[in-house]
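Fold and geometry: a report
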There are 2 protein chains.
Amino acid sequence: MAAGFTTNPTRSEQLLFLTDDQLRQGIELMYFAYRGFTADPDRILEEREYGRAHHRAIHFINRRPGLTVNELIDLLGVTKQSLNRVLRQLVEDGLVDSRVGVEDRRHRNLYLTEPGQALEQELSAAQRRRMRAAFSNAGPEAVAGFRKVLEQMIDPELRARVVGWLDRP
Amino acid sequence: MAAGFTTNPTRSEQLLFLTDDQLRQGIELMYFAYRGFTADPDRILEEREYGRAHHRAIHFINRRPGLTVNELIDLLGVTKQSLNRVLRQLVEDGLVDSRVGVEDRRHRNLYLTEPGQALEQELSAAQRRRMRAAFSNAGPEAVAGFRKVLEQMIDPELRARVVGWLDRP
DNA sequence: CTTGGAATGTCAACATCCCTGACATAAAGT
DNA sequence: ACTTTATGTCAGGGATGTTGACATTCCAAG
């Protein structure tokens, strides 16, 4: 069904990957793949009665130790009320440490505690396992294309804020 | 913690796309891209006070007119009760037609009505627009890689059921 | 033919998560 | 002193998911 690039592709044939049908396939792939993408962490979180919101908070606190509540709200695109419930639980459960800012005492700098880091490791290891399998089976060139397309799918405004962010260690 | 591939560069360099850091980037890309992927439909759905569950139902009913409730449950991976509330709303609002099966009267065959098809068009057109932009900016080779990786990310069990499904018109 | 189990679909009650709106507190800036 | 910023909290509502109970229909064993 795919590639009809046998002889001297005309201009219209070069754009065959932009047909509505190809786009629909991309849409459905995105949906099914995302379900797989979240499946493993979801199972781990369920045991602790946490949800994806907890996972996202833990992930980004691990990525940027000391980031403030507002910065996290910005990254996640949720309301402070929504995030606050999640953070309160994580702090109460001893997974996250919320310290008053030193320069600006209004800020709360967030850090993972030892148990918090342990959960983060468990979650990200599971997610990496699936991602590694997918990358490995698809090959390096496919991975490059995967990243190229996904980058373009991010909201332009968010992309500007997040680009360069991904590369930082 | 991340790549310790300092020695023996030949073989390990070929696997650099499998480092923990590359995988982490893939994970974050997947998260941010999915937010973009759902942003446009979400805005349209909000006006009608619908959610993503309604979108998914509408999408697959459009794709497979006449499919049964159970088939839809299988595709979406939700409980019948959860799906039922969504379907009831859509039927009440005149977007979906639920007809008693002719062979097996326990079945309900689902169809989009005229207004249902109109909403589906609106939703998928918005989603295609973003997908088309991403595909177009990334190029055909990138799109091929994108599809390859996403396919591999789908849960193996689900992939078996869905593969071949995507290609069908 | 009847009866009992299995498949299918529906309804009700409840939990979770995210949202908006309003308000409180503390600290920084002017 | 007054305003702005950052954060936290409470109240209420909507969307989505769950479990439990129940109705309908089909099918097959007795």
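Residues numbered from 1 in each chain as written. Chains lettered and ligands numbered in written order. Predicted model: local features only at pLDDT ≥ 70, side-chain atom pairs only at ≥ 80, totals over all residues. Heavy atoms only, no water.

An unreviewed UniProt entry lists chain A under the name DNA-binding MarR family transcriptional regulator, from Amaricoccus macauensis.

Taken together, 23 residues are adjacent to DNA strand C, and Q81 and R85 of chain A together with N70, K80 and Q81 of chain B come closest. At the protein interface, 63% of the atoms of DNA strand C within 4 Å belong to sugar or phosphate. In this structure, a phosphate oxygen belonging to DNA strand C sits 3.1 Å away from a side-chain N or O atom of R56 of chain A. For DNA strand C, a phosphate oxygen lies 3.2 Å from a polar atom in the side chain of S82 of chain A. Counting residues per element, the ones that place at least two in the surface near DNA strand C are α3 (52-63) and α5 (80-92) of chain A together with α4 (69-76) and α5 (80-92) of chain B. Counting residues per element, the surface near DNA strand C draws most heavily on α5 of chain B, which supplies 4 residues. (Near = heavy atom within 4 Å. Polar contact = N/O pair within 3.5 Å; in protein donor to acceptor, adjacent residues only side chain to side chain. Helix = DSSP H or I, 4+ residues; strand = E, 2+ residues; numbered from the N terminus.)

Attention now moves to the protein's contact with DNA strand D. Taken together, 24 residues form the shell around DNA strand D, and within it N70 and K80 of chain A together with E49, T79 and R85 of chain B come nearest. The contact atoms of DNA strand D, taken as those within 4 Å of the protein, divide so that sugar and phosphate hold 57%. Here A53 of chain B contributes a backbone N or O atom positioned 2.9 Å from a phosphate oxygen of DNA strand D. Every element with two or more residues in the surface near DNA strand D is listed here: α4 (69-76) and α5 of chain A together with α3 (52-63) and α5 of chain B. Grouping the constituent residues of the surface near DNA strand D by class yields 3 nonpolar, 10 polar and 11 charged. (Nonpolar A, V, L, I, M, F, W, Y, C, P; charged D, E, K, R; others polar.)

The next thing to look at is unusual backbone geometry. Peptide bonds are mostly trans, and most non-glycine residues show a negative phi. If you check the backbone angles, E49 of chain A has positive phi at about 60° while not being a glycine. Along the chain, the position of E49 of chain A falls in the loop between α2 (20-47) and α3.

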